[in-house]
Amino acid sequence: MSDANPAALKLKVTEPYPKDVGRILARLDPADMAALGVGAGEIVAVIGKRTTVAKVMPAQKEYRGQARVQIDGVIRQNAGVSLNQSVEVRKAAARPAERVRLAPQNISVRDTDLGYLGALIDGLPVLTGDKITVPLFGSRPADFEVTATAPTGPVQIVAATVVELARPSASGDTPPKEPGDHPVSYEDIGGLRKELARLREIVELPLRYPEVFERLGIDAPKGVLLYGPPGCGKTALARAVARETNAKFYAVNGPEIIHKFYGESEAHLRKLFDEAARTAPSIIFLDEIDAIAPKRETTVGDVEKRVVAQLLALMDGLSKSKHVMVIAATNLPNNIDPALRRPGRFDREISIGIPDQTGRREILDIHSRGMPFAPDVDLSAVAAGTHGFVGADLEALCREAAMSCLRRILPEFDFATQHIPYNLLTRLEVEMADFRAAMREVEPSAIREVLVEVPHVRLDRVGGLGDVKQQLREAVEWPLKYPELFRKLGWSRRRGSCCAARPGAARRSSPRQPRPRWR
Ligand code: ATP
């Protein structure tokens, strides 16, 4: 790599600005940019276990003066580093790319799509061997590997760059991934900052630095139990931690373990743990653990009892192979055998809750990364109106909004060639009406769960019903706001209020009721 400026800095890797994800940007302190002799928009080499390139932008204020570089999961993977590790950053001379050859990883691309693809990757700096992630129109990103560039060395994709597709190798040594099988990184998870930090603390440290625990004479945690309602991101969290720690990930669904023949289920579990120990560092993810390890005193099946006993034995045996961590997930934490929750087994538990409004906004941002928005789209309003939606619902909502937008161009779609013209694709814009249509289609799955959130709707937003509002104020608001006054007056507050009305009656002003007396 030819360096115009030999200056290099050792900087600590930190989280990216959410909007930068997939854009191959490295944000640096302006003082560090000056020290390296790079301006905004210029290219730097980011050197960890591997060398990659990124475009420079100034860091956010809170990250300045701390010798940090903000890079996303794609650059971290290309440089072979994780959050909080150090990388060397130096100026790199990137030339405009004449040709770039890309190998699709999780999507099938035709030559006719190359114009559209070229527009999406315009401006990205790349080096042969790098992976790039292109946010597509829907919520699913497409991953590519850069297999060759002309000229060689760091290049920047420009409008004139010819994009070619790498043909699958004859040997087929790297099997293509499932469509949509996208490696999850920390930036792909929204609204779970605290939970993610806790999981990282429990999992990353023992997997990365097992010798620290040995030297201190502390037993490293072996198992973590994630519990919460379906679709709130338990699997995504486990996958992200595995990817960021470069650990091999073995995901098994509870019911998949149970086989009908005697001893087969235990053999399956033993094989899984053996394989994980052999390829350590690794993470075993047991989804729906309640299905394989239910409370033994309440189960009648012999298989389940044997599987629980086998799992307990395997967990106890894990201390010998310190590089294996087991993450289990369940929607029913109280249904699993208590012996599994004993210290030394799944002794750490993290509750993964339903996202609040800020979390919902973060998740919507993640799943709409590739969507071109019309000016009227207000994702904060969508987040405010999606009380009870979990991550999976919000992902479905974004997909539905994209579908609703796509329906507008369906009449122009040529079903015979199955080819969407490039100019049609670039014209697509998701509107607020698409999100409204999607909200009619997608139901919140967590509305029946206990959810504590301070709503933003005020009583003055409710028209009419003056008397009912006054009664509610007296029965609910006053006792909460002025408990001292109630105590002094010796009034005990009501435990509940019931509002009942016939459909439509709510809009009519209710006849004056006698004031309730405080009991
Ligand atoms: P289950 O208990 O049914 O297995 P889960 O809690 O493991 O559900 P996931 O499988 O992780 O849920 O989530 C389903 C999908 O929803 C994921 O593919 C992810 O894209 C999306 N999703 C869920 N939670 C989040 C989140 N917090 N941020 C971003 N995406 C999320």
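In what follows, the accompanying structure is described.

Scoring rules and cut-offs
Residues numbered from 1 in each chain as written. Predicted model: local features only at pLDDT ≥ 70, side-chain atom pairs only at ≥ 80, totals over all residues. Heavy atoms only, no water. Helix = DSSP H or I, 4+ residues; strand = E, 2+ residues; numbered from the N terminus. Buried < 20%, exposed > 50% of the residue type's maximum accessible area, 1.4 Å probe, protein only. Contact = heavy atoms within 4.5 Å. Areas by Shrake-Rupley, 256 points an atom, 1.4 Å probe, with all protein chains shown as cover. Pairing = 2+ DSSP bridges. Axes fitted to C-alpha atoms, helices over the stretch in contact; angles between N-to-C directions. Near = heavy atom within 4 Å. Polar contact = N/O pair within 3.5 Å; in protein donor to acceptor, adjacent residues only side chain to side chain. Nonpolar A, V, L, I, M, F, W, Y, C, P; charged D, E, K, R; others polar. Phe/Tyr/Trp six-rings, centres within 6.5 Å; stacked < 30°, edge-to-face > 60°.

Turning our attention to the overall build of the protein chain. Within the protein chain, the regular secondary structure consists of 17 helices and 18 strands. Within the protein chain, the fraction of its 519 residues that count as buried is 43%. Long-range contacts, defined here as pairs at least 24 residues apart, represent 79% of the contacts in the protein chain between residues at least 6 apart. Approximately 27,300 Å² of the protein chain is accessible, and the part contributed by carbon and sulfur atoms is 53%.

So, about the sheet that holds strand E14 (residues 223-227). Note on sheets: strands pair through backbone hydrogen bonds, and any given pair is parallel or antiparallel. Within the open sheet, the five strands sit side by side as E15-E16-E17-E14-E18. Their pairing is parallel. Only two strands of the sheet have a single partner each, and these edge strands are strand E15 (248-253) and strand E18 (348-351). On average, each strand axis in the sheet is tilted by 20 degrees relative to the strand beside it, whichever way the strands run. Of the pairings in the sheet, the one linking E15 to strand E16 (residues 282-287) comprises six bridges and is parallel in character. Counterpart to Ala251 in the pairing with E16 is Phe285. Contacting E15, E16 and strand E17 (324-330), helix H8 (residues 264-278) runs over the sheet at an angle of about 155 degrees to E16.

Moving on, we get to the site of the ligand. Taken together, 18 residues lie near the ligand, and Gly190, Gly231, Lys234, Thr235 and His367 sit nearest. Within the backbone of Gly233, one N or O atom sits 3.1 Å away from an oxygen atom of the ligand. Glu395 places a side-chain nitrogen or oxygen 3.0 Å from an oxygen atom of the ligand. Computed on the free molecule, the ligand has an accessible area of 630 Å², of which 79% lies beneath the protein chains in the complex. Among the elements of the structure, helix H6 (234-244), helix H11 (357-367) and helix H13 (391-409) are those that each provide at least two residues to the shell around the ligand. When its residues are assigned to classes, the shell around the ligand shows seven nonpolar, seven polar and four charged.

Counted according to the given criterion, the structure contains two aromatic pairs. Seen from their ring centres, Phe249 and Phe285 are 6.0 Å apart, and the 20 degrees between their planes marks the pair as stacked. Taken together, the residues span a long stretch of sequence, with Phe249 in strand E15 and Phe285 in strand E16 at a distance of 36 residues. Relative to Phe435, the ring of Phe373 lies with its centre 5.9 Å away and its plane at 65 degrees, an arrangement referred to as edge-to-face. Separated by 62 residues along the polypeptide, Phe373 in the loop between H11 and helix H12 (379-384) and Phe435 in helix H15 (residues 432-441) bring together distant segments of the chain. A relative accessible area of 0% places Phe435 in the buried class.

So, about the sheet that holds strand E10 (residues 131-135). On the basis of which strands lie adjacent, the open sheet formed by four strands has the order E10-E11-E8-E13 and mixed pairing. Where the open sheet ends on each side, the last strands, each with one partner, are E10 and strand E13 (162-165). The mean inter-strand angle of the sheet, taken between neighbouring strand axes irrespective of direction, is 40 degrees. Against the sheet, helix H3 (residues 114-121) engages strand E8 (99-104), E10, strand E11 (141-150) and E13, with an angle of about 120 degrees to E13.

Both E8 and E11 contribute to a ladder of six bridges, which runs antiparallel. When the sheet's bridge partners are listed, Val100 is paired in E11 with Thr149. Note that E10 and E11 share five bridges and pair antiparallel. Bridge pairing links Lys131 to Glu145 in E11.

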